[in-house]
Amino acid sequence: MKESFRAIYAYGILFIIMISFSFQGCSTSNRIFSENDIVNSAKRLELKYSIRDRDRRSPLLYFTQSIVKEINARNEISYTAYDVLSLSASSFTPDEKAIIIIDNEVYTTVIDKMELDNIRNISENTTNILTSDSTNLSVVTGYSENNRKIVRFSYKIPLSTISKIKDSDQFSLRYYCGPSMLTIKPKRKSIKKIKQLIDNT
């Protein structure tokens, strides 16, 4: 009996590991994608990474940033950031500014576009009951409501700021939502990929 249990346990662990690797293989996060934009006659490189906020006091639930690097026919380079903030429903709307902090130096960006969506999800709570004829019946016991705000920002990152990021070991992004100060710190792996994006031609 013990041997059988150990075999089932081992196969279970192996299955979980395989599933984990398959999800990592399908992930588009922390990968650089390159393509040619024939409309704008430019080479386009994109890097996307995400951060989940573990601070329960923070209204920030999840943060995603995509950085697009474009090299045009005249070999001119530009960088555009696309930030998506997933916030709790009670959060204040962020100020219309994104701040980059590099080695305690503050660089304020000019927001090109800001969008706000209020997302409302309602799901059923169910339970199974056993009827008199031994049949399982699923019964709705109530409803759960999950509300959140999705805020999107896009802005150009000046080449001078890009140069500072390249020479630094870490940087952070700052947003202000009413009384809340949101500081987003990319992980080392993401910073390494950002530097690869900068060096990629």
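Residues numbered from 1 in each chain as written. Predicted model: local features only at pLDDT ≥ 70, side-chain atom pairs only at ≥ 80, totals over all residues. Heavy atoms only, no water.

Take the environment of S29 next. Along the chain, S29 turns up in the loop between α1 (2-26) and β1 (31-37). Sequence separation of S29 and S66 is 37 residues, and the distance between their C-alpha atoms is 9.3 Å. Discounting chain neighbours no more than four positions away, the residues touching S29 are K48, Y49 and S50. (Helix = DSSP H or I, 4+ residues; strand = E, 2+ residues; numbered from the N terminus. Contact = heavy atoms within 4.5 Å.)

Right, let's get into the environment of L61. For L61, the location among the structural elements is in strand β3 (residues 60-72). When its relative accessible area of 37% is taken as the criterion, L61 is described as partly exposed. Spatially, the C-alpha atom of L61 lies 5.4 Å from that of S86, the residues being 25 residues apart in sequence. Those residues within four positions of L61 in sequence are excluded, and the remaining contacts are R52, D53, S86, L87, S88 and R148. (Buried < 20%, exposed > 50% of the residue type's maximum accessible area, 1.4 Å probe, protein only.)

This part takes up unusual backbone geometry. Although it is not a glycine, N75 adopts a positive phi angle of roughly 65 degrees. Examined against the element boundaries, N75 turns out to sit in the loop between β3 and β4 (77-88). One non-glycine residue, N104, adopts positive backbone phi at about 65 degrees. Within the secondary structure layout, N104 lies in the loop between β5 (99-102) and β6 (105-108).

Looking at where S66 falls in the secondary structure, it is placed in strand β3. The residues contacting S66, other than those within four sequence positions of it, are E46, L47, K48, T80, A81 and Y82.

This next bit is on the pairing of β1. In the sheet, β1 pairs with strand β2 (residues 42-52) via seven bridges, with the strands oriented antiparallel. Paired with S34 across the two strands is L45, which belongs to β2. With antiparallel pairing between neighbouring strands as the criterion, β1 and β2 make up a hairpin whose turn holds four residues, including S41 at a positive phi of roughly 50 degrees. (Pairing = 2+ DSSP bridges.)

Note that all results are geometric; they support no functional claim without further evidence.
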